[in-house]
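So the chains spell out like this:
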Amino acid sequence: GFKMRKHGRRGGPKDRLVRLDGDMIVWTAVRPSFRLSERGGVKVAEVTEVRRTFAGRPRPSNVAEDRCLSLISKDRSVDLELPDNE
């Protein structure tokens, strides 16, 4: 996996470790935690589109467009920010 910033609908962006685990794209808090809000995932088969922009909210002005990635499924979208050096 690798470290990305997840931009949610509420609150500021959060650092997350994103990895492929079987048929799921999974994200967890960078620091170990038992809080369920700091874990999540989406089945790869449910992702219908991948965009190089943010789908769930406007892109913050301090985030370059080429560092944006949005995973879109029927029920949700997940907005991720790639690190500067990737």
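For the structure, check the block above.
Residues numbered from 1 in each chain as written. Predicted model: local features only at pLDDT ≥ 70, side-chain atom pairs only at ≥ 80, totals over all residues. Heavy atoms only, no water.

Student: Quick question: what am I supposed to make of the pattern of salt bridges here?
Tutor: Working definition: two side chains of opposite charge can pair if their charged atoms are close together. Taken as a whole and assessed by the stated rule, the structure comprises 6 salt bridges. Here Lys3 and Asp15 are joined by a salt bridge, their closest N and O atoms 4.0 Å apart. Within this pair, whereas Lys3 is found in strand S1 (residues 2-7), its partner Asp15 is found in strand S2 (residues 14-21), the two being separated by 12 residues in sequence. Residue class for Lys3 comes out partly exposed when judged on its relative accessible area of 45%. Judged by its relative accessible area of 28%, Asp15 is partly exposed. The partner of Arg67 in a salt bridge is Glu81, with the nearest N and O atoms 2.3 Å apart. Highlighted residues: Arg67 in the loop between strand S5 (47-51) and strand S6 (68-73) and Glu81 in strand S7 (residues 77-81), separated in sequence by 14 residues. (Salt bridge = Lys/Arg side-chain N within 4 Å of Asp/Glu carboxyl O. Helix = DSSP H or I, 4+ residues; strand = E, 2+ residues; numbered from the N terminus. Buried < 20%, exposed > 50% of the residue type's maximum accessible area, 1.4 Å probe, protein only.)

Student: I would appreciate a short explanation of the environment of Pro83 in the present structure.
Tutor: Within the element layout of this structure, Pro83 appears in the segment after S7. Pro83 sits in the partly exposed class, given a relative accessible area of 22%. Here the alpha-carbon distance between Pro83 and Arg5, two residues 78 residues apart in the chain, equals 7.7 Å. Excluding its chain neighbours within four sequence positions, the residues that come into contact with Pro83 are Lys3 and Arg67. (Contact = heavy atoms within 4.5 Å.)

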